[in-house]
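An overview of the molecular structure
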Amino acid sequence: MDIAHLHFLVAQADPAQRRALVDLLGQLGASRVTEVPDGHLALQTLEAGLAPAVNIAIIDLALPGMDGLELIGKLGEIQTPARLVVTGAQPADLLFSVETLAEAYGVELLGVIARPVSAAKLKPLLDNYAPLARPPRKPGGPRFTFQQIGIGLQKRQFEPFFQPKIELATGQVKGLEAFARWRHPEHGVLGPASFMEALEESGRIDFLDWSMIELSVERCRWFQEQGIPVPISLNIAPETLAHPAFVRQIVASLERHKVLPDYITFELPESSVLNTNPDFIERLVRLRMMGFGLAIDDYGTGRSNLQLLARIPFTELKIDRSFVDGASKRRPLGTVLRSCLNLAHSLDRMSVAVGVETRQDWDFLQSLGCTYAQGYHIANPMEATAFPPWLADWRQFF
């Protein structure tokens, strides 16, 4: 990347190290570099609205007056558009925690570098630079009462959108995950932020779950009639699955649409695996005996008892996006991701990486032997009728 047009800020207390960083940037092609010796001056520079604005700030943690940690917090408060590179003498695991802190403050990092900073460490981070597009804050989307949502469900305004699940080894589409969308007559297509809170507060997530189950099974039959026999995964709340009539109603739905249980996988949040209620576990075992798939969703965000996890008859382990996004560049994240994949492999289960955003994520997962991937790098969730033409285009590449 040509960085000659970028404006850099170097915040480093030690004069010799600061000079070395400025010289290094010059060697890499930078033509405009502002340097400061402490955190207060760094903050003032980024607040001052310089022209041209600072694009990339290289900040050392050991700054006098206001250290790097405090500075990162202040930069989060002012929502700086500058991208950050953080340097420090700390070990890699501690620097990774600093990166996590920056993300919590909403500060955009290009990465962290253990001192001494070299061209080999710095250049890959600079190559990833892209200006932050900070769109104006949009007002929160429309919110609805439980009664309004109920009317929308009765009028069949809700429908499943589908995101493909790809087998990494072959590039073949091996499934679709269903996501609830509300095709509102006034507000257009709405996502869960507009309706989930009211359903949860009313304790009636099952209303939405049953609507999505019925419509997804119906779409599954439609896909088969188009010559696309593709399995579908459905997110359901544990209380929906625990309902005494669940098995009877799901069997009736499949019989209505002539769909085999093998084509349906139920995804449950990891937290529900902590449930040791024998009736709940019996329900999971029964569903597996009938041929349904079971997936543990958002794996890594809960506190699963590994012994119980091994006993639950799940078929897929879905690894949370927080461990997938950027794992190829962050060693601690990569270690956690590798551990999750090894767990799935040792239990003879399929692994699904959620939130694959870039080709780098895809390649890294492929190198680790992950079974499936899904995310925006592959496709956004789409309405059922959009899937066959999308699949035709995808198959041209694999």
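Just so you know, the residues in each chain are numbered from 1, in the order the chain's sequence is written. Two thresholds apply to this predicted model, a pLDDT of at least 70 for residue-level local features and 80 or more for giving and counting side-chain atom pairs, whereas whole-chain, interface and lining totals are computed over all residues. No hydrogens and no water enter the side-chain calculation; it runs on all heavy atoms of the structure.

1. Focus: the UniProt feature "modified residue: 4-aspartylphosphate" (unreviewed entry) in the protein chain
Per the UniProt record, "modified residue: 4-aspartylphosphate" (unreviewed entry) is found at Asp-60. By the criteria applied, helices consist of DSSP H or I runs no shorter than four residues and strands consist of E runs no shorter than two, each listed in order from the N terminus. Mapped onto the secondary structure, Asp-60 falls in strand 3 (residues 56-60). Take Asp-60: its relative accessible area is 1%, and that puts it in the buried class. Excluding its chain neighbours within four sequence positions, the residues that come into contact with Asp-60 are Ala-11, Gln-12, Gly-68, Thr-87, Gly-88 and Arg-115. UniProt positions are given in the numbering used here, feature names are shortened, and annotations may be inferred rather than shown by experiment. Each residue is assigned to one of three classes by its accessible area relative to the maximum for its type, calculated with a 1.4 Å probe on protein chains only: buried under 20%, partly exposed between the two thresholds, exposed over 50%. When checking whether two residues touch, look at their non-hydrogen atoms; a contact exists if any pair is within 4.5 Å.

2. Overview of the layout of surface pockets
Here the largest pocket defines a volume of roughly 990 Å³. Cavity and pocket criteria rest on a 1 Å grid covering protein atoms alone: a 1.4 Å probe that fits but cannot get out defines a cavity, protein on both sides within 12 Å along at least 5 of 7 lines defines an open pocket, and an atom within 4 Å of a point defines a lining residue. In this structure, the largest pocket is lined by 34 residues; those nearest its centre are Glu-99, Leu-110, Gly-111, Lys-329 and Arg-330. Of all elements in the fold, only helix 4 (92-105), strand 5 (109-114), helix 5 (119-127), helix 13 (331-346) and helix 14 (359-368) reach the threshold of two or more residues within the lining of the largest pocket. Any residue outside Ala, Val, Leu, Ile, Met, Phe, Trp, Tyr, Cys, Pro, Asp, Glu, Lys and Arg is labelled polar, Gly included; the first ten of those are nonpolar and the last four are charged. Here the lining of the largest pocket is composed, by residue class, of 15 nonpolar, eight polar and eleven charged. For the domain bounds, the source is a domain assignment made automatically or taken from a database. Viewed by domain, the lining of the largest pocket spans two of them, domain 1 (8-128) and domain 2 (146-397), each represented by three or more residues. Grid points are joined across faces, edges and corners, and a volume is the space filled by probe spheres set on the points.

3. Quick look at the packing of helix 3 (residues 68-78) against helix 4
Note on geometry: axes are lines fitted to C-alpha atoms, helical ones only across the stretch in contact, with angles between N-to-C directions running from 0 to 180 degrees. Their axes nearest at 8 Å, the elements helix 3 and helix 4 cross at an angle of 25°. In terms of orientation, helix 3 lies roughly parallel with respect to helix 4. Between helix 3 and helix 4 lies a crossing whose hand is right-handed. Across the interface between the two elements, Leu-69, Ile-72, Gly-73 and Gly-76 from helix 3 touch Val-98, Leu-101, Ala-102 and Tyr-105 from helix 4. Taken together, the residues of the contact of helix 3 with helix 4 break down into six nonpolar, two polar and no charged. In these notes the angle categories are as follows: under 35 degrees is roughly parallel, over 145 is roughly antiparallel, 65 to 115 is roughly perpendicular, and the rest is oblique. Two helices crossing with the near one rotated counterclockwise from the far one by less than a right angle form a left-handed crossing, whereas a clockwise rotation gives a right-handed crossing.

4. Let's talk about the sheet that holds strand 3
For two strands to count as paired, DSSP must find a minimum of two bridges between them. Pairing within the open sheet is parallel, and its five strands lie in the order 2-1-3-4-5. Each edge of the open sheet carries a strand with a single partner, namely strand 2 (32-36) and strand 5. For this sheet the average axis-to-axis angle between neighbouring strands, irrespective of direction, equals 15°. Sheet topology places strand 1 (residues 7-11) next to strand 3; four bridges connect them, and they run parallel. From the neighbouring strand, Leu-9 faces strand 3, where its bridge partner is Ala-57. Helix 1 (residues 15-28) rests against strand 1, strand 2 and strand 3 of the sheet, and its axis sits at about 170° to strand 2.

5. So, the packing of helix 8 (residues 205-225) against helix 10 (residues 246-257)
Helix 10 packs onto helix 8 with a crossing angle of 30° between their chain directions and a minimal axis gap of 9 Å. Overall, the two elements helix 8 and helix 10 adopt an arrangement that is roughly parallel. For the element pair helix 8 and helix 10, the recorded crossing hand is right-handed. For the pair helix 8 and helix 10, contact is made by Trp-210, Ile-213, Glu-214, Val-217, Glu-218 and Arg-221 and by Phe-246, Gln-249, Ile-250, Ser-253, Leu-254, Arg-256 and His-257, respectively. Grouping the constituent residues of the contact of helix 8 with helix 10 by class yields six nonpolar, three polar and four charged.

6. Regarding the domain arrangement of the protein chain
With domains assigned, the protein chain is organised as domain 1 (8-128) and domain 2 (146-397). Of note, the centres of domain 1 and domain 2, computed from C-alpha atoms alone, are 40 Å apart. On the side of domain 2, five residues touch domain 1, which itself brings five residues to the contact. The term salt bridge refers to a side-chain nitrogen of Lys or Arg lying within 4 Å of a carboxyl oxygen of Asp or Glu. Connecting domain 1 to domain 2 are zero salt bridges. Throughout this description, a polar contact denotes any pair of N or O atoms lying within 3.5 Å of each other; where both atoms belong to protein, one of them has to be capable of donating a hydrogen while the other can accept it, and for residues adjacent in sequence the pair is counted only when both atoms sit in side chains. The interface formed by domain 1 and domain 2 contains zero residue pairs in polar contact (both at pLDDT 80 or more). For the side of domain 1 that touches domain 2, the per-class residue count stands at two nonpolar, one polar and two charged.

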